[in-house]
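Notes for the structure review
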Amino acid sequence: MRTTVFPILHNLRDIYRVEGVMPRFKAYLSLMLGSTHDEPLPLGVFSPMGSRQSGYLDALIAMDAEGGAAEAAAEAAERLTWSSDHYRVLLVIADVARNGWTERHLTDAEWRIENKYDELPKSAVLRGFDRWVTVQLWTDVEPTAEYVRRETQSSVYRASHRKRYGAPKTLAEMMRQEGMAMAFAGSTPKLDEDDIDYTREVLRPFGDCTDFPTCFAALYGDEAARAVGLPPLGLSAYAGFDVGLANAIGKSAFAMI
């Protein structure tokens, strides 16, 4: 596998230097649709109106986040020996709720599970690489080198996993994909052992579930489910992800629920 990080952070920061709502929105569209780089870019989740993104971009630029992402992606590529693909990696800043653009958990689910924000129009031509891999960095998470490394490696792994095993359709497949992606990047569960065991028992009957509301509540927990009007299952925040991660780093890397 090969990876190339596409430099975009300075361009995203320049959007916030444009005065006026419509001129700024047009600058964003110009960047996304290809007028700036002569090719469309997967920037659908980026909000040109978010109030927190300019400062967040400044912090990422100051720490050379794209340089760190390039190193992390190259390391991931060396480990993913089953793939010969060339991925182009793009860091995209996603603002938290109340900016009129994204809902934190639904947008995250669309990205992780549905692969929504890595897609380009069917008419777009990929020039010398196989696919885009976006790395979503959220403004409610401190912009650190470790955060960039972890999200870059899990994103590259996720793309390779989908290529090898297909898009996840059931809750068990979603948990396996995300658990493996997080384990690949060196994450560890945040829930204690008792909560993981409890969550595993709650979710055991839902392994073959394909119903989005149920899968969402299982993965993201009760607080996120209630926030978007879905019925809760009696789970802690990100409980399903933590069970998937615990399974991935357990005795069987591809353990199901």
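Refer to the structure above for everything that follows.
About the cut-offs
Residues numbered from 1 in each chain as written. Predicted model: local features only at pLDDT ≥ 70, side-chain atom pairs only at ≥ 80, totals over all residues. Heavy atoms only, no water. Helix = DSSP H or I, 4+ residues; strand = E, 2+ residues; numbered from the N terminus. Rg over C-alpha atoms; globule rule 2.2 N^0.38 Å. Contact = heavy atoms within 4.5 Å. Areas by Shrake-Rupley, 256 points an atom, 1.4 Å probe, with all protein chains shown as cover. Lys, Arg positive; Asp, Glu negative; His and termini not counted. Charge placed at Lys NZ, Arg CZ, Asp CG, Glu CD. Buried < 20%, exposed > 50% of the residue type's maximum accessible area, 1.4 Å probe, protein only. Patch = residues over 30% accessible without salt bridge, like charges linked within 9 Å, V, L, I, M, F, W, Y side chains within 5 Å. Salt bridge = Lys/Arg side-chain N within 4 Å of Asp/Glu carboxyl O. Core = buried A, V, L, I, M, F, W, Y, C linked by side-chain atoms within 4.5 Å. Expected span 1.5 Å × (residues − 1).

1. Remarks on the overall build of the protein
- Of the regular secondary structure elements, the protein holds 11 helices and three strands.
- Overall, the protein shows an N-to-C arrangement of helices and strands of β-α-α-α-α-β-α-β-α-α-α-α-α-α.
- For the protein, the C-alpha radius of gyration of 18 Å lies close to 18 Å, the compact-globule estimate for 257 residues.
- Across its three principal directions, the C-alpha atoms of the protein cover 50 × 40 × 35 Å.
- If you take every contact in the protein between residues at least 6 apart in sequence, the share linking residues at least 24 apart comes to 74%.
- Of the roughly 11700 Å² that the protein leaves accessible, carbon and sulfur atoms contribute 52%.
- Side chains of the protein carry 28 positive and 36 negative charges; the gap between the two charge centres is 4 Å.

2. What to know about the environment of Pro232
- Within the secondary structure layout, Pro232 lies in the loop between helix 10 (222-227) and helix 11 (239-248).
- Judged by relative accessible area, Pro232 falls into the partly exposed class, the value being 35%.
- On a C-alpha basis, the gap between Pro232 and Thr214 in space is 8.2 Å, while along the polypeptide they are 18 residues apart.
- Beyond its immediate sequence surroundings of up to four residues, Pro232 is in contact with Asp222, Ala225 and Arg226.

3. Here we look at a nonpolar patch on the surface
- A cluster of nonpolar side chains, namely Val21, Met22 and Met49, defines an oily patch on the protein surface of about 270 Å² accessible area.
- Of note, Val21 is situated in helix 2 (residues 21-33).
- Classification of Val21 as exposed rests on a relative accessible area of 58%.

4. Some thoughts on the nonpolar core
- With 49 residues, the main nonpolar core has Leu9, Leu12, Leu43, Phe46 and Leu137 as its most contacted residues.
- Residue assignment for this core shows that the elements contributing at least two residues are helix 1 (9-15), helix 2, helix 3 (53-62), helix 4 (65-79), strand 2 (86-94), strand 3 (131-138), helix 6 (145-165) and helix 7 (171-184).
- For this core, the element with the highest residue contribution is strand 2, accounting for seven residues.
- Excluding anything up to four places from it in sequence, Leu137 contacts Tyr56, Leu60, Leu91, Val92, Ile93, Ala94, Tyr147, Val148 and Glu151.
- In this structure, Met175, Phe216, Leu230 and Phe241 belong to the second largest nonpolar core, which totals 25 residues.

5. Section: helix 6
- Between its first and last C-alpha atoms helix 6 spans 30 Å; for 21 residues at 1.5 Å apiece the expected length is 30 Å, and the two agree.
- At the C-terminal side of helix 6, Gly166 shows a positive phi close to 90 degrees.

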